[in-house]
Structure formats: structure tokens, C-alpha cells
Amino acid sequence: MPSKVFTIGISGPSCSGKTTLTRILQKALKHTAVIYQDDFFKSDSDIPVDPKTKLQNWDCPNALDFDKLNECVHYAIKHCKLPEGFVSKEEENKHDGSTQVSKHVLEGLSKLATALEDTLFLIVDGFMLYWDQELYQQFDCKIFITASYTTLKTRRESRQGYVTTEGYWADPPGYFDAIVWPEYVRWNQHLFQGTNHSEIEHEAVEDVLVLNTDDLSIDQVADAAVQRLLDKV
């Protein structure tokens, strides 16, 4: 049984590839626990309404219960396991990304698991992990997966919808441009040195590893993430 915890934050905009990387790590590492930020949305009726568009804004801090999310992360760190009875609705959402990676990546993950055999890898996956400073400070390794506006828009608009706390959400027409993209820029711009918000040139500050899925295959993303994890441990 694990006796200590190594925390991994995997953040980035909607449809960037966060969950693909999360599931690669979850599948290949021996001891893992995953917390999805999407499981901590407030009830559907409590999601804020954007005053300009009159649309529900699922992409702002007030749509999420950060207190409960932090409590869950703290519990997992303290007890080396998720809280009793914890169930993830995010697992019900369809995921289109491939989790097949190269032998080289798997060898790196095997080396990592062997080096930390008594460690639980706690992976926290979410689109706004690094906005909340209490949460930000909990991560031993911080990864940010991104892509261009065009790529993210195409991926998001091809999705059917999302399981929510009380039901199901499907984006209304124009939702990406009205809510998803501008809110992503607004709540993540503190992390970056670049100011070109039309395509955001990511040069992360501090110790966040930024990986762009326009430029990298999922195998290359996984390889870079594994190398960062090995450096951290």
C-alpha cells in the first residue's frame, strides 16, 4: 500500500488533451488516484449566467466549488486514498482521445513507478486548476496542455455534450466564442508571459510545463510529461 503521495496537476483549456494524458498515466502507473475538477461544478441551477450573452457560464471560477475540491485533494494527500464513497461523474463522459503510447513512454512510466513504488500518484485534471492559489500550491508537478484557438474550437464543437451534476449540458450555437475561449484567456492569462490572446503564445511562468498538442502528438506529450515527472522525483 502507498505510504506517501506525489501530486500531478494537469490543466489547460477545454479539449486540449488533458484527459487523454491523465488516462495514459492512470493506465500505466501502478498506484494512482484521479480527481477531475469537472466533478466539482456547482448544481446546474447555480451556474452563473453571463450578463452579456445571457448564457450559463460554466467556464468561470464561480461555476466551481473550489472549497470541496481542495478538501478532496487535502484528504487524498493525508490518507493516500480518495474519500470513502467518492464517485466521479466525469468518468461517464465520452472520451475520444487515444491512450496508446510508445514502448519508450511505457518504459519511462515503469521506471517512475519503480522509483516510487510506495507512492500514490494523485492526478488532478481540470481546466482551471492554477487559478486557485491554494490548489496551485498542492501540486508537485504542474503540466498545462494547450492548443490553438482554431484547434480547440474545432474539437469543442465536435463534442456531443457533458454529464453534469443534475443532468446533461450541450453547448448552444456560438458558445465557444461567446464563453469558452474568452473565459479561458481571462482566468489563465496570469500564468503566461505572452500577450497575443488571439492565439496565445504560451511561455509559462514559474514551474509549469506547457505542451501544445498542435505541435506534439499525444505520444510526444506523454513522453515530455514523463520526463518532467522523472526530473521532479
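Residues numbered from 1 in each chain as written. Predicted model: local features only at pLDDT ≥ 70, side-chain atom pairs only at ≥ 80, totals over all residues. Heavy atoms only, no water.

- Looking at an unreviewed UniProt entry, the protein chain carries the name Nicotinamide riboside kinase, with the source organism given as Lichtheimia ornata.

A closer look at the overall build of the protein chain
Thinking step 1. Helices and strands together make up the secondary structure of the protein chain, namely seven helices and seven strands.
Thinking step 2. Listing the helices and strands of the protein chain from first to last along the sequence gives β-α-β-α-α-β-α-β-α-β-β-α-β-α.
Thinking step 3. In terms of overall size, the protein chain behaves like a compact globule, its C-alpha atoms giving a radius of gyration of 17 Å where 233 residues would be expected to give roughly 17 Å.
Thinking step 4. Going through the 233 residues of the protein chain one by one, you find that 49% of them count as buried.
Thinking step 5. Long-range pairs, those at least 24 residues apart, make up 75% of the contacts in the protein chain between residues at least 6 apart in sequence.
Thinking step 6. Roughly 11200 Å² of accessible area belongs to the protein chain as shown, and the carbon and sulfur atoms make up 48% of that amount.
Thinking step 7. Each charge sign in the protein chain was given a centre, from 23 positive and 36 negative side chains, and these centres are 3 Å apart. (Helix = DSSP H or I, 4+ residues; strand = E, 2+ residues; numbered from the N terminus. Rg over C-alpha atoms; globule rule 2.2 N^0.38 Å. Buried < 20%, exposed > 50% of the residue type's maximum accessible area, 1.4 Å probe, protein only. Contact = heavy atoms within 4.5 Å. Areas by Shrake-Rupley, 256 points an atom, 1.4 Å probe, with all protein chains shown as cover. Lys, Arg positive; Asp, Glu negative; His and termini not counted. Charge placed at Lys NZ, Arg CZ, Asp CG, Glu CD.)

Regarding the environment of Gln 100
Thinking step 1. Positionally, Gln 100 belongs in the loop between α2 (66–79) and α3 (103–115).
Thinking step 2. Sequence separation of Gln 100 and Ile 24 is 76 residues, and the distance between their C-alpha atoms is 7.6 Å.

Focus: the packing of helix α1 (residues 18–28) against helix α7 (residues 218–232)
Thinking step 1. Relative orientation of the contacting elements α1 and α7 amounts to 60°, with a least axis distance of 10 Å. As far as their axial angle goes, α7 and α1 are oblique. With respect to the hand of their crossing, α1 and α7 are arranged in right-handed fashion. Contact residues: Thr 20, Leu 21, Ile 24 and Leu 25 in α1; Ile 218, Val 221, Ala 222, Ala 225 and Leu 229 in α7. (Axes fitted to C-alpha atoms, helices over the stretch in contact; angles between N-to-C directions. Parallel < 35°, antiparallel > 145°, perpendicular 65-115°, else oblique. Left-handed = near helix turned anticlockwise from the far one by under 90°.)

Describing the nonpolar core
Thinking step 1. Core analysis: the largest hydrophobic core is formed by 43 residues, its most contacted members being Ile 35, Leu 122 and Tyr 130.
Thinking step 2. Contributions of two or more residues to this core are made by β2 (32–36), α2, β3 (119–126), α4 (133–136) and α6 (175–188).
Thinking step 3. Counting residues per element, this core draws most heavily on α6, which supplies eight residues.
Thinking step 4. Membership of the second largest hydrophobic core comes to 27 residues, among which are Leu 109, Phe 121, Leu 211 and Ala 225. (Core = buried A, V, L, I, M, F, W, Y, C linked by side-chain atoms within 4.5 Å.)

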